[in-house]
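Structure assessment
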Amino acid sequence: MLHAYTVPSTTTTCPTPSVPVRARWHILFLAGVWAMAIPAAAQEANTWYFGARAGLDFNSGTPVTLLDGMMMSYEASGSISDANGELLFYTNAGRVMTSVPYRYGNVYDSNHNVMPNGDLELSGGCNSAKQGALIVQDPGNTDHYYIFTLDCAEHGVVGGLRYCEVDMTLNGGLGDVTSIANPLLSDVTESMIGIRHANGFDVWVLVHGLDNSDYHAFLVTAAGITGPVTTTIGPMVDDQPGDMAVNLTSTKVHYSSTNNSSLLDFDPSTGVLSNLLDLDRNVVGCAFAPGGQYLYTCEFLGTKRIFQYDLLAADILASEQIITAGGNAGQPSLRLAPNGKIYVAHWEQDHLGVINNPDAQGLAADYQYQGVALLGRNCNAGLPEFVNDLLIPFTAAIADAPSVPTIQCMVTGDELLIRFGADMAQGRLSIFRSDGTLMHEDGMRSGQATIPIAWFAAGHYVVRLTTNEHSATGAFYIVR
C-alpha cells in the first residue's frame, strides 16, 4: 500500500556529451537535500591501496584486507577501479628523495607491476604529500585518466601541482603512462580533492596556495584541463600537513591544517568558495558523513580527539561533540568509503579506525580505534583520494542480530531494489523518509523487492523489514 505524499515538482537535465562518456547525473543542491539520481553501478572507488603495501577491497560492502599491493607511501595514494569494481591501477605520486623505503614513486597496474613509463621519480610529485595523488577519469574518454600529483614539504613543495596521463587501451589493456610531470601551478600545499561539477560530468580539482589564502580550482572536461578559478578566503596556509574534504553533493568544503579548521560553501557550477566558518581547532584530518549533516575532524596534536559538527544546527560551532579520545599515533587521515563508513589512518599502525555510523549524532556514530586489521601492513598517514561522487554509498545497513544478513539497497533509475537474506525472506517491509514519514509499506514474500520511487523526493530514506523473530534496517539516498 502506498501512502499519499505530495512531492515538490523538480526538473533536472543532463547535458548531452559530444563523445561517449560514462553515465552521470546532474547535481544540484535544493533546500538542503540532494538532487541527483545515484549511479548504483559506480564502483570505481571499491579497491584501495595505501601506506606500506596495505590494501582494502570494498566490493562485498565489508572491507577485505588485501596483501598483494606493491606500493610504499608515507601519505599520498590514489587508486581506481572500473565500473564493476575491478582494479585498474594505483599510485603513490612520486618519491621522497631522502627517505628509504619511500624513495620510489610509481604507477602500478592491476597485476601490481609498474606500468610502462610508470616510474614517477621525475614527476614532481611526492608520496609524502598529504593528499598528493588524485586519479580523474577523462569526462570525454573512459579509457583516458589523469593522475594529479603534489609535491611535499620535504622537497619545499617545489614541484607544485602537476599531472600524468594513462591510456588503458595500451599494454594489452593493463595501461601505459603516456605523459608525466605536466605542470599546472607552483606554490601550492599538500592538500587536494576532486569535486564533481554541477553538470554531472566534469570534475573540479581543488588545491590551496602556499603562504596565502588562495584556493585554486582547475576544471577537467572532455576538452582538457582549464583554470584555475581562484578564491581568496580564510587564513593563510603554509606547508604544514593538512587535508581537504568535500561532501557528496559538492556544496561544502572543509580545509584542515595547523591552526586552521575552515568550513566553506562551494559552488559546483563556478568553482568559487564562500561563507567561511572558522571552527577554531588545530586539526589535520577531516571527512563529511554520507548524509551530509555531520562533519568530522581529528586533532593534529595531543590525543587525536575526533570532533563531530552538526551542519544543520543553528550554531554549528556550538554543536561540536567529541566522539573519541582517539589514539596517540600521528598525522591522522579520515576518508569516507563506499560502504558509507569513515575510516581513520594513524601513523604506522597495522589497523584503521572506523566511524561505523557517521550519519548518527554524537557517540552513536560508534568509533572503533582498531576497526580494520591490515594483517601486518601499515597504513601510515594517508588514505586514497577519489572524486567525491564515486563514494556515494549504494549499500548501508545494520541488523539486530549477527545471524541476520545486511539489507542491500540499490537505486537504479526510478526503482529501488532491496535484497534480504534467507532469514528475512518474509515479513513487513516499510520505507520511511528521514523525518519519519512513512513512504511505502507492504508484505514481503521473497528475498527481494523492487519498489517504484520516481515520486520520492531527494533525501535520505530508511528501509525496515520486520519478521516474527528479527528486524533489520537499511538506508538509501536519492539525489535528483
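Described in the following lines is the structure provided in the data block.

Re the sheet that holds strand β14 (residues 188–196)
Judged by pairing direction, the sheet is antiparallel, and its four strands sit side by side in the order β14-β15-β16-β17 without closing on themselves. Only two strands of the sheet have a single partner each, and these edge strands are β14 and β17 (224–237). Each strand axis lies, on average, 20 degrees off the axis of its neighbour in the sheet, ignoring direction. Here strand β15 (residues 203–209) runs beside strand β16 (residues 212–221); their pairing, made up of six bridges, is antiparallel. Counterpart to Val-203 in the pairing with β16 is Val-220.

Comments concerning the side chain of His-216
Note that His-216 resides in strand β16. Polar contacts involving the side chain of His-216 include one to the side chain of Thr-230, which spans 2.9 Å.

Quick look at the sheet that holds strand β26 (residues 333–336)
Strand order in the open sheet formed by four strands is β26-β27-β28-β29, and the pairing between neighbours is antiparallel. A single partner strand is all that each edge strand has here, and the edge strands are β26 and β29 (367–373). The sheet shows a mean angle of 35 degrees between the axes of neighbouring strands, direction not considered. When strand β28 (residues 351–355) meets β29, the two strands line up antiparallel, connected through four bridges. Each bridged residue has a counterpart across the sheet, and for Ile-355 the counterpart in β29 is Tyr-367.

Observations regarding the state of the cysteines
A full pass over the atoms with the stated rule returns one disulfide. Residue pairing for Cys-126: its cysteine sulfur links by disulfide to Cys-152, the two sulfurs lying 2.3 Å apart. Classification of the bridge connecting Cys-126 and Cys-152 rests on its S-S torsion, roughly 75 degrees, and on that basis the disulfide is right-handed. One end of the pair, Cys-126, is in the loop between β9 (114–119) and β10 (133–137); the other, Cys-152, is in the loop between β11 (144–149) and β12 (161–167), and 26 residues separate them in sequence. On the basis of relative accessible area, Cys-152 is assigned to the buried category, the value being 0%.

Focus on the pattern of salt bridges
Throughout the structure, instances matching the rule amount to eight salt bridges. Two residues, Arg-95 and Glu-121, come together in a salt bridge whose shortest N-O distance is 3.4 Å. You can see Arg-95 sitting in the loop between β7 (87–91) and β8 (106–109) and its partner Glu-121 sitting in the loop between β9 and β10, a full 26 residues away along the chain. The exposure class of Glu-121 is partly exposed, given its relative accessible area of 39%. Through salt bridges with shared partners, one network takes in Lys-130, Asp-243, Arg-335 and Glu-385.

Things to note about the pairing of strand β20 (residues 260–266)
Burial within β20 is extensive, with six of its seven residues counted as buried. Here six bridges tie strand β19 (residues 252–257) to β20, and the two strands are oriented antiparallel to one another. Each residue of the ladder has a partner; that of Lys-252, found in β20, is Asp-265. Two elements, β20 and strand β21 (residues 273–278), share four bridges in a ladder whose sense is antiparallel. Bridge assignment links Ser-262 to a residue of β21, and that residue is Asp-278. Count of turn residues in the β20/β21 antiparallel hairpin: six residues, of which Gly-271 carries a positive phi of about 80 degrees.

Some details on the packing of aromatic side chains
Within this structure, the stated rule accounts for 16 aromatic pairs. Between Trp-204 and Phe-266 the ring centres are 6.4 Å apart and the planes differ by 80 degrees, which places this aromatic pair in the edge-to-face class. Taken as a pair, Trp-204 in strand β15 and Phe-266 in strand β20 lie far apart in primary sequence, 62 residues in all. Note on Trp-204: relative accessible area 4%, which makes it buried. Given a relative accessible area of 4%, Phe-266 falls into the buried group. A centroid spacing of 6.0 Å and a plane angle of 85 degrees characterise the contact between Tyr-215 and Tyr-255, whose relative ring orientation is edge-to-face. Pair noted here: Tyr-215 is in strand β16 and Tyr-255 is in strand β19, with a separation of 40 residues, a long-range link. Owing to a relative accessible area of 2%, Tyr-215 belongs among the buried residues under this scheme. Classification of Tyr-255 as buried rests on a relative accessible area of 0%.

Focus on the pairing of β12
Counting buried residues along β12, five of its seven residues qualify, which places the element largely inside the surrounding structure. Bridge count for β11 against β12 is six bridges, and the pairing is antiparallel. In the strand pairing of β12, Tyr-145 is matched with Val-166. Bridge count between β12 and strand β13 (residues 176–185): six bridges; the pairing is antiparallel. Residue Leu-161 lies in a different strand from β13, and its bridge partner there is Leu-185.

What to know about the side chain of Glu-190
Its place among the elements puts Glu-190 in strand β14. The charged side chain of Glu-190 is buried without a salt bridge, its nearest counter-charge being Lys-130 at 7.6 Å. Side-chain polar atoms of Glu-190 contact the backbone nitrogen of Ala-153, separated by 2.7 Å.

Structural notes on unusual backbone geometry
Cis geometry is adopted by the peptide bond preceding Pro-101, which originates at Val-100 and carries an omega value of 10 degrees. With respect to the secondary-structure elements, Pro-101 resides in the loop between β7 and β8. Here the residue pair Gly-227 and Pro-228 is connected by a cis peptide bond, since its omega of 10 degrees sits within 30 degrees of zero. Structurally, Pro-228 can be placed in strand β17. One non-glycine residue, Ala-181, lies in positive phi territory at about 60 degrees. Secondary-structure assignment places Ala-181 in strand β13. Assessed through its relative accessible area of 17%, Ala-181 is described here as buried. Of note, the phi angle at Asp-280 is positive, near 60 degrees, even though the residue is not glycine. Within the secondary structure, Asp-280 sits in the loop between β21 and β22 (283–288).

About the cut-offs
Each chain carries its own residue numbering, running from 1 in the written order of its sequence. Where totals are concerned, whole chains, interfaces and linings use all residues; where local detail is concerned, this predicted model gives features only for residues with pLDDT of at least 70, and gives and counts side-chain atom pairs only at 80 or more. Excluding hydrogens and water, the side-chain values take into account all heavy atoms of the structure. Only strands joined by at least two bridges in the DSSP assignment are considered to pair. Working definition: helices are DSSP H or I runs of at least four residues, strands are E runs of at least two. Numbering for both runs from the N terminus. Where helices are involved, their axes are fitted lines through C-alpha atoms of the stretch in contact, as for all axes, and angles between N-to-C directions lie from 0 to 180°. In the analysis that follows, any N or O atom pair within 3.5 Å is treated as a polar contact, provided that within protein one partner can donate a hydrogen and the other can accept it, and provided that, for residues neighboring in sequence, both atoms belong to side chains. Working definition: a disulfide is two cysteine sulfur atoms within 2.5 Å of each other. Exposure classes here rest on a 1.4 Å probe applied to the protein chains alone. A residue is buried below 20% of its type maximum, exposed above 50%, and partly exposed in between. Here, a salt bridge means any side-chain nitrogen of Lys or Arg that lies within 4 Å of a carboxyl oxygen of Asp or Glu. Each pair of aromatic rings taken from Phe, Tyr and Trp, with Trp reduced to its six-membered ring, is defined by centres within 6.5 Å and is described as stacked if the planes are under 30 degrees apart, edge-to-face if over 60, and tilted in the remaining cases. In this tally Asp and Glu are treated as negative and Lys and Arg as positive; neither His nor the chain ends contributes.

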